[in-house]
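Results of the structural survey
Each chain is listed here by its residues.
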Amino acid sequence: MINLVLLKTTVKKNWVLLFIFFAVLTFYMTIMLAMYDPHDTEAIMSMLELFPEDLMKAMGFSGLVTTLTGYLASWLYGLLMLGFPMVYCIILANRLVVKMVDNTSFAFLLSTPNSRSRIIVTQGVYALISLLVLFAALFGVGVMVSSIMFQDALDIGAFFKLNVTTMLVNMVVMMICFFFSCLFNEVKRSAAFGAGIPIAFLLMHMLGGVSPDAEILKRISIYGFYDPMEVVHSGTVMGANLAYSVCIVLLFAGSILVFNRKRLLL
Amino acid sequence: MIEVHDVTLAYPSGKGVFDLQFAIEQGVAMGYLGPNGAGKTTTIRALLGYMRPNKGICTIAGLDCMQDAPDIQKRIGYIPGEISFIDGMHGDEFLRFMFDMREMKDDRLQKQLLDMFDLDPRGNIRKFSKGMKQKLGIVTAFMHDPEVLILDEPTSGLDPLMQQLFVELILENKKRGKTILMSSHSFKEVESTCDHVIIIKDGRIINQSDVQTLKKSERRGYVIQTDSVKSAVQLFAASGFEASAVSDDTLEVFVTGDHVDQFVKTAANITVRSIDVTSQSLEDIFMQFYARKEQ
């Protein structure tokens, strides 16, 4: 169902992009870990109090930080691990399909004995695999760096679950971008919808964190099931993971369907 | 080999192609002529399965162009009208990629074609000249020795020498029984390679004929510079040509394809200081063709 020749070429053309985002997020993670003081969570809390409370809530920073894992879940996975990968998703999804349709180079892919579905599945699989690689690598970095700085302070099981759910929610974002990349013939439109909708969801997530009145906004966004503190503390993530997996599958199937049916201006 | 049956493919703008009906037998080279925006590329999009027609069906070798696109692509060589390669690729890398995507084993023909067109595919395609890109497109389209060739304005960007080489390549493929559909907006380009031509205008086929008939009906203007324009005009008029003075020392004579010999013999009677052929627009040719047929 996938074409390995195309997959190889796609990896070759896009690994640098993946690496840049990995490097940036590794940098942030390391800085965040370096700022953590296991003996004095009070210091962090008092620093947090310097900022307006609502702003902190919008950023997803929780007041209940007592462990290193909770600290990471709140400080890093509350917003940064959604925002940065979102930029990656928007750029990559546009590169994988619509950019080549817009500049007509896609005609060469289709002039080989490969069906549209096969090409789209290959590109979509790369998009998902690249996020898997990104989060696997970040998980590795997190475990490694925290074991060097604070031995045994990280709850590896909880941190793993946190990365799985965060990866899945980012895969939903990727598939939203990918869907629009398959739907439109122009980068302009694909980028407008593929970026606009996820950004709107992220804003809803941030606003929803500010006050209980606005919480409905968060609930109806794709981040409704995403609560990093909950993942770390209670550990019931199966429902959220399942919901996100269903979204990913549906969006992927929808992408293939619209691409198969549409007229290509090649 | 190629069949287009009652195909209508309309764009939201109202343009497109309407009620197209034609067939190309195996081993035939068909010229597909029409002015820009006539619907040549749209027809090709339907044949390649890039666009589903609103109505009608296209088949190649009996296979449905939409449903069986991957199977059909094994048999087709295609040169896009506006060639755009995959970003950031090198020429040799691109050829290798297309070779692998086609699951090819034998690269002898590819090498032959590179030699023939004197193309060194190394280096970033973005830095290639237009002619080099066109050559790369030609090599890509011919390297798997396809049964059917669909060529959308294939000689654009090539210098005259390379155009001649391309004509040879087409003739050789025709000899080997390949079916060819070649679109162009100039009659000159297809007359040396094709047996038949289809003429399309505003999305409709307005004529389908063999090249010889069209050639005969083609009317050319010859601009002659001479000493005494007046007598020259009279002379040509007496021989049955349409002639008129353009300036003090030049006149233009209109000659149809089957009267060239007579024209040359008549011109031998005057002092010709220079002679030039004015190229005719495609539409002029169609119009004359029509006028002639109605007579």
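Residues numbered from 1 in each chain as written. Chains lettered and ligands numbered in written order. Predicted model: local features only at pLDDT ≥ 70, side-chain atom pairs only at ≥ 80, totals over all residues. Heavy atoms only, no water.

**Some points on the packing of aromatic side chains**
- All told, the structure shown has 28 aromatic pairs over all chains when counted by the stated rule.
- Their ring planes at 50° and their centres at 6.3 Å tell us that F19 of chain A and F22 of chain A sit as a pair that is tilted. Taken as a pair, F19 of chain A and F22 of chain A lie in helix α1 (residues 4-35) at a separation of three residues, close to a single helical turn.
- Note on Y50 of chain B and Y78 of chain B: the rings are 6.2 Å apart at their centroids and 70° apart in plane angle, and the pair reads as edge-to-face. Placement of the pair is Y50 of chain B in the loop between α1 (40-47) and β4 (55-60) and Y78 of chain B in strand β6 (residues 76-79), with a sequence separation of 28 residues. In terms of burial, Y50 of chain B and Y78 of chain B fall into one category: buried.
- Grouping aromatic residues by their ring pairs yields a cluster made of Y36, Y71, W75 and F150 of chain A. (Phe/Tyr/Trp six-rings, centres within 6.5 Å; stacked < 30°, edge-to-face > 60°. Helix = DSSP H or I, 4+ residues; strand = E, 2+ residues; numbered from the N terminus. Buried < 20%, exposed > 50% of the residue type's maximum accessible area, 1.4 Å probe, protein only.)

**Focus: the confidence of the model for chain B**
Residue and element names in this part refer to chain B.
- Residues at a pLDDT of 70 or more form 94% of chain B, whose mean pLDDT is 88.
- When pLDDT is averaged over each helix and strand of chain B, the minimum, 61, is found for helix α11 (residues 282-294) and the maximum, 95, for helix α3 (residues 91-101).
- On the interface metric, ipTM, the complex scores 0.84, and its pTM is 0.86. (pLDDT = per-residue confidence, 0-100.)

**Examining unusual backbone geometry**
All names here are of chain B.
- A positive phi angle is found at D145, which is not glycine, with a value near 50°.
- By the element assignment, D145 lies in the loop between α5 (130-142) and β7 (148-152).
- At D202, a position not held by glycine, the phi torsion is positive, near 50°.
- On the secondary structure map, D202 appears in the loop between β9 (196-201) and β10 (204-210).

**Things to note about the interface of chain B and chain A**
- The partner chain A presents 27 residues to the 32 residues of chain B that form the contact.
- Note on chain B versus chain A: buried area summed over both sides is about 2600 Å², and carbon and sulfur give 60% of it.
- Scanning the region where chain B abuts chain A turns up two salt bridges.
- Between D87 of chain B and K99 of chain A there is a salt bridge, and its shortest N-O distance comes to 3.2 Å.
- Scanning the region where chain B abuts chain A turns up 13 residue pairs in polar contact (both at pLDDT 80 or more).
- Looking at the side of chain B that touches chain A, the elements that each hand over two or more residues are β1 (2-10), α2 (69-75) and α3 of chain B.
- Among the elements that line the side of chain B that touches chain A, the one with the most residues is α3 of chain B, at six residues.
- Of the residues belonging to the side of chain B that touches chain A, the class tally is 18 nonpolar, five polar and nine charged. (Contact = heavy atoms within 4.5 Å. Buried area = accessible area lost by both parts, 1.4 Å probe. Salt bridge = Lys/Arg side-chain N within 4 Å of Asp/Glu carboxyl O. Polar contact = N/O pair within 3.5 Å; in protein donor to acceptor, adjacent residues only side chain to side chain. Nonpolar A, V, L, I, M, F, W, Y, C, P; charged D, E, K, R; others polar.)

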